[in-house]
Structure formats: C-alpha cells, structure tokens
Amino acid sequence: MDVKAQAQDFIEKWVFEDSKKVKIAFFGQPGAGKSSLINELVGKNVTATGNMTDTTKTAQIIEHNEVLFVDLPGYDTSEFPANKYFNSFNPLQYDLFVCVFNEKLQEADKVFFKILQQAKRQCIFVRNKADGIYDNQKSLAELQVEITDDICWQLTDTVKVLFTSCKQTLPIEQRGIAALQEEIIFRLEPALGDKFLRNVRAYSQEILVQKKQETIKAINKAMLIAAGNGLNPIFGVDMGIDAKIMSMMYERIRKSFAISEEEITKGSATDNMLQLIARGVKKETITKGLKKIMTKEMQERLVKYIPIMGQLVSVGLGAGTMYYLGVEYTEACFAYAKKRLETEIKLRVQ
Ligand SMILES: Nc1nc2c(ncn2[C@@H]2O[C@H](COP(=O)(O)OP(=O)(O)OP(=O)(O)O)[C@@H](O)[C@H]2O)c(=O)[nH]1
Ligand SMILES: [Mg+2]
C-alpha cells in the first residue's frame, strides 16, 4: 500500500472508532424531567422539554455526537403490555439505564428494574426536581436520606439515589448534574465511559481534568492505530493528508471541551490561548503550522517526546509530531475551558 492509501485507511479506522455510540436509556414517569436532564448532561438543547412527547408510542432517540440517548416508553402500559415490550424495543441493547422519577416510583418502573437486575444491567436512580424538596421541619440532607430509604424499601434492594435539578437559576454545584455525569462514567465500561465523558459538558473542575486525561489517552490511541497501519513517517509526505488528519484531531479535541468555532473567531485576538486554538480550525493555518514544525530544529526538539510514548518508539517522528501537536492543543483547550468554567460559576453565583 502506498502512503496515501495507508493514510486513508487510518482515517477510516479512526472514524469508525468514533462512530460506535454509547447508548443510554432513560425511563420513568412522564414529566419527571428526562428530556431536561439529557439537555443538562450535554449542555445544550438537544431535545424538546415541557410538552407531552410521544414517548407513550415510540422510543425517542436523541443523538449527540458519540452518545445516543433513548427515551423509552413506559413499561407495561396499554400500548405496550409487558409481553410486547421487549419485542418492540429490545431494551437490553442499551449500555446503561437511568430511571428518573419525581414524586414517586411507578409500579411498572419497579418491575422493569427487576428485569434489568436479572439481566445484570446497570441502572441509576435519579430523583429530579430536587429544587422542590422542602420541609420546614427537616434539613435537606435528612429529606434525601428519607427519600433514599423509601426507594430502597420499595425496590426491596439497596440502591444509590442521585438528586438533581434542571433549574438553571440555581448555582451549578447545587444541581447534582456533575455527580450524575460521574456516576454514569463510573457505571459504564471504561471505553464507553471515556466516550461519554468526551461528549458531555463540564460543570466541575474534576470533569474538566478527566476530559483532558481522556483526550490525551485518545490521541495516544490514534497513534497506535497509525502505528498498526504502518503509517510512518506520514508527516511531510503529503501536506494535504497531514492537514486532514490534524484537522480531524483538532476538531475532536475542541469538541471534547465544547469549544465552538464561533466562540474562537469572535474571541479576543490578543488572547494567546484562543490564538493557538484558532490555528487548528483552518486548513491553511494547520498546513502552515505543520511546515514550521517540520524544520530540522523542531524535529530535534520532538525527539525528547519519544520516550514518553513508550511502546510507540517505533512509530517514529511522524506520529511523534502528531502526538506533540495534539497534547499542545489539548493543553490550550483545557486552559481555555477552565477559564470559561470559572467565569461561568462566578456569573451564576452573583
Ligand atoms: N422545578 C423544576 N422543574 C423541572 C426540572 N426538570 C424539569 N422540569 C420541568 O418539568 C417539565 C417536564 O420536563 P421534561 O424534561 O419535558 O420531562 P420528561 O420526563 O421528558 O417528560 P415526557 O417526555 O413527557 O415523558 C418541564 O416543564 C421542565 O421545565 C427540575 O429539576 N426542577
Ligand atoms: Mg421527554
């Protein structure tokens, strides 16, 4: 295979890697806030809320990059009695289940949970609209313990209950969204958890740091695919292919930190971080950057990154360059997203 064909093959494998989706199913009483929670998790309105949706009749599928959220119709309703339900929705195909409730659990949800449990599926219980939990005789912590105990009693099992609120006027750290994200990541198998992490919005420093680690891990993995493809040394062979691969990588990194192109271009031109990020948006600037990095002096500097890559030594300078550029770009995006999050938290607290 010539190097161009190898590169094309690499791109295809990489895209395929990204196209496998994490599938998370939401279920629970109508109006409990399933759609609102999905929007909060990803940080933008990907699904309509507030109006009675057709989830009584069909499963609603919401696709957000590499994550597929599914709003399942209620189990064992007149439309879908228990015996028809599994044939209609094949619910066990999902990687994780989230049961959202408000006031109380529905009978059918309990039965469905038991089935999930027997099938050894992970299910997270979320008491949404936590902003409405109030009793002038008791503290919030006491009330949460009471609710959790009640749920465990109803399910005749010990489960963890998360408390969330989609009310955006409340400070982020009081809304439990980051805790739900962490629980989802924890319950998914690692590769899927990483994928989920990459596609959700960061509401906490912890999630941002995890995003950074995951991004660097993903760059490393791309290097492995490149190595497996014998893609070495790619840089300098064809500037067009180099730019394409780099542009895919940069875009992926920006996406992980939810940095939009709009945001970069409208930002202050004197902001160093934004300038660096902006260079990864346009083909021309990527190519220019690559030309610069291919100078001899730069190559010598890159050699020092090779030991970090351990098993990747054999990949050589081509992938080394890509690794170096990817890490550099990740650092810039992380620093920018961190600053943005700090500003957001400050603004909401005021
Ligand atoms: N106060 C408060 N209202 C919420 C919260 N979450 C959702 N809501 C509101 O509750 C209503 C229903 O929310 P949805 O997200 O549409 O609920 P759903 O579970 O998707 O409902 P269906 O699709 O009809 O099953 C909307 O008007 C939301 O604005 C919350 O945490 N607190
Ligand atoms: Mg809905």
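(A) Representation of the side chain of Arg-175. Note on placement: Arg-175 falls in the loop between strand E6 (161–163) and helix H6 (177–187). In terms of polar contacts, Arg-175 uses its side chain to reach the side chain of Glu-40, at 3.1 Å.

(B) Inspection of the packing of helix H2 (residues 34–42) against H6 at higher detail. It is the contact of H2 with H6, at a shortest axis distance of 10 Å, that shows an interaxial angle of 85°. By the angle between their directions, the pair H2 and H6 is classed as roughly perpendicular. Note on element contacts: H6 touches H2 through Ile-177, Leu-180, Gln-181 and Ile-184, opposite Leu-37, Glu-40 and Leu-41. Taken together, the residues that form the contact of H2 with H6 break down as 5 nonpolar, 1 polar and 1 charged.

(C) Quick look at the sheet that holds strand E3 (residues 67–71). The strand order E2-E3-E1-E4-E5-E6 describes an open sheet built from 6 strands, whose pairing is mixed. Unpaired on one side and paired on the other, strand E2 (60–64) and E6 mark the two borders of the sheet. Going across the sheet, the axis of each strand differs from the next one's by a mean of 25°, ignoring polarity. Pairing between strand E1 (residues 22–27) and strand E4 (residues 96–101): 4 bridges, direction parallel. Residue pairing across strands places Ile-24 opposite Leu-96, the latter belonging to E4. Relative to E6, helix H5 (residues 140–155) is tilted by about 145°, and along the sheet it contacts E4, strand E5 (123–127) and E6.

(D) Structural context of the packing of aromatic side chains. By the definition in use, this model includes 15 aromatic pairs. Between Phe-86 and Phe-112, the ring centres sit 6.3 Å apart and the planes meet at 50°, which makes this aromatic pair tilted. Residue Phe-86 is found in helix H3 (residues 82–89), and its partner Phe-112 is found in helix H4 (residues 107–118); the two are separated by 26 residues along the sequence. Taken together through their ring pairs, the aromatic side chains of Phe-27, Tyr-75, Phe-80, Tyr-85, Phe-86, Phe-89, Tyr-94, Phe-97 and Phe-112 make up a single cluster. Note that Lys-212 overlies the ring of Phe-334, its terminal NZ or CZ placed 4.4 Å from the centroid.

The rules behind the values
Note on numbering: residues in each chain are counted from 1, in written sequence order. Working convention: letters from A go to chains and numbers from 1 go to ligands, in the order in which they are written. Local features in this predicted model are restricted to residues whose pLDDT is 70 or higher, and side-chain atom pairs enter the listing and the counts only when it is 80 or higher, whereas totals over whole chains, interfaces and linings include all residues. To obtain the side-chain values, all non-hydrogen atoms of the structure were used and water was disregarded. Helix numbers and strand numbers start at the N terminus; a helix is a DSSP run of H or I with at least 4 residues, a strand a run of E with at least 2. Definition of a polar contact: a pair of N or O atoms within 3.5 Å, with one able to donate and the other able to accept a hydrogen when the atoms are protein atoms, and with sequence-neighbouring residues admitted only if both atoms are side-chain atoms. Axis lines are fitted to C-alpha atoms, over the contacting stretch for helices. Their N-to-C directions set the angle, which ranges from 0 to 180 degrees. In this scheme, roughly parallel covers angles under 35 degrees and roughly antiparallel covers those over 145, while 65 to 115 is roughly perpendicular and the rest are oblique. The contact criterion used is simple: two residues touch if any of their non-hydrogen atoms lie within 4.5 Å. Residues are grouped as follows: Ala, Val, Leu, Ile, Met, Phe, Trp, Tyr, Cys and Pro are nonpolar; Asp, Glu, Lys and Arg are charged; all remaining types, including Gly, are polar. One bridge is not enough; two strands pair if DSSP finds at least two bridges between them. A pair of Phe, Tyr and Trp rings is counted when the ring centres sit within 6.5 Å of each other, with Trp represented by its six-membered ring. The angle between the planes then sorts it: under 30 degrees is stacked, over 60 is edge-to-face, the rest tilted. Our definition puts a charge over a ring when NZ of Lys or CZ of Arg is within 6 Å of the ring centre and also within 35 degrees of the ring normal.

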